[in-house]
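Next come the chains, spelled out residue by residue.
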Amino acid sequence: MSIRQVLFVILSLSLFLCSCSSETTESVSADTAMTETQAQEEDDLKELMNQIRREKFDLILPQVMRENNIDMWIQVLREGNPDPVASNLGSDYGVFIFTDRGGDRI
């Protein structure tokens, strides 16, 4: 696999994960009391977004990496340089390394 193909696959993975990233809900202002129903809806939405993230990393990422013969994907997030992938990784900065060791997960 050429370097150009590897870079294309990495870019494609990044764009795919970005396009699937979760959107945050608008916060209720501090002076307005949040009702129990609104709190439950927010909890349900957070759980749904967490489930989507888990499925991206447990199902989609392994499939895409294996289809394109990618053994390792490194995502570097720099502080002060916003990256849409950060919302999926749970941090605004750091180095995230995904490796395929076989089995069901990356």
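See the structure shown above.
Residue indices follow the written sequence of each chain, beginning from 1 at its first position. Thresholds applied to this predicted model are a pLDDT of at least 70 for local features of residues and 80 or more for the giving and counting of side-chain atom pairs; totals over whole chains, interfaces and linings are not thresholded and use all residues. Where side-chain values are given, they derive from all heavy atoms of the structure, hydrogens and water being excluded.

**Some words on the nonpolar core**
- Counting residues in each nonpolar core, the largest one holds 12 residues, listed as Val9, Phe57, Leu61, Met65, Ile70, Trp73, Leu77, Val85, Ala86, Leu89, Phe96 and Phe98.
- Taken together, the elements giving at least two residues each to this core come down to helix 2 (36-67), strand 1 (72-77), helix 3 (86-89) and strand 2 (94-99).
- We call two residues in contact whenever any of their non-hydrogen atoms come within 4.5 Å of each other. Ignoring anything within four residues of it in the chain, the contact list for phenylalanine 98 reads Phe57, Leu61, Met65, Asp71, Met72, Trp73, Leu89 and Ile106. Nine residue types can take part in a nonpolar core, namely buried Ala, Val, Leu, Ile, Met, Phe, Trp, Tyr and Cys, and a core is a set of them joined through side-chain atoms within 4.5 Å. Categorising residues by exposure relies on relative accessible area from a 1.4 Å probe, with only protein chains included: less than 20% of the type maximum marks a residue as buried, more than 50% marks it as exposed, and the intermediate range marks it as partly exposed. A run of H or I in DSSP becomes a helix once it reaches four residues, and a run of E becomes a strand once it reaches two; helices and strands are each numbered from the N terminus.

**Some thoughts on the side chain of arginine 53**
- Along the chain, arginine 53 turns up in helix 2.
- No salt bridge is formed by the buried arginine 53; its nearest oppositely charged neighbour, glutamate 47, is found at 8.9 Å.
- Contacts described as polar in this section are N or O atom pairs within 3.5 Å, which, within protein, must combine one atom able to donate a hydrogen with one able to accept it, while residues neighboring in sequence count only if both atoms come from side chains. A distance of 2.7 Å separates the side chain of arginine 53 from the side chain of asparagine 50, its partner in a polar contact. Positive: Lys, Arg. Negative: Asp, Glu. His and the chain ends are not part of the count. Between Lys or Arg on one side and Asp or Glu on the other, a salt bridge is scored when a side-chain nitrogen of the former is within 4 Å of a carboxyl oxygen of the latter.

**Topic: the pattern of salt bridges**
- For the structure on display, the rule yields 2 salt bridges.
- Notably, a salt bridge pairs arginine 54 with glutamate 47, separated by 3.2 Å at the nearest N-O pair.
- In this structure, aspartate 100 and arginine 66 form a salt bridge, with 2.9 Å as the shortest nitrogen-oxygen distance. One end of the pair, aspartate 100, is in the segment after strand 2; the other, arginine 66, is in helix 2, with 34 residues separating them in the sequence.
- Exposure remark for aspartate 100: the relative accessible area of 21% places this residue in the partly exposed category.

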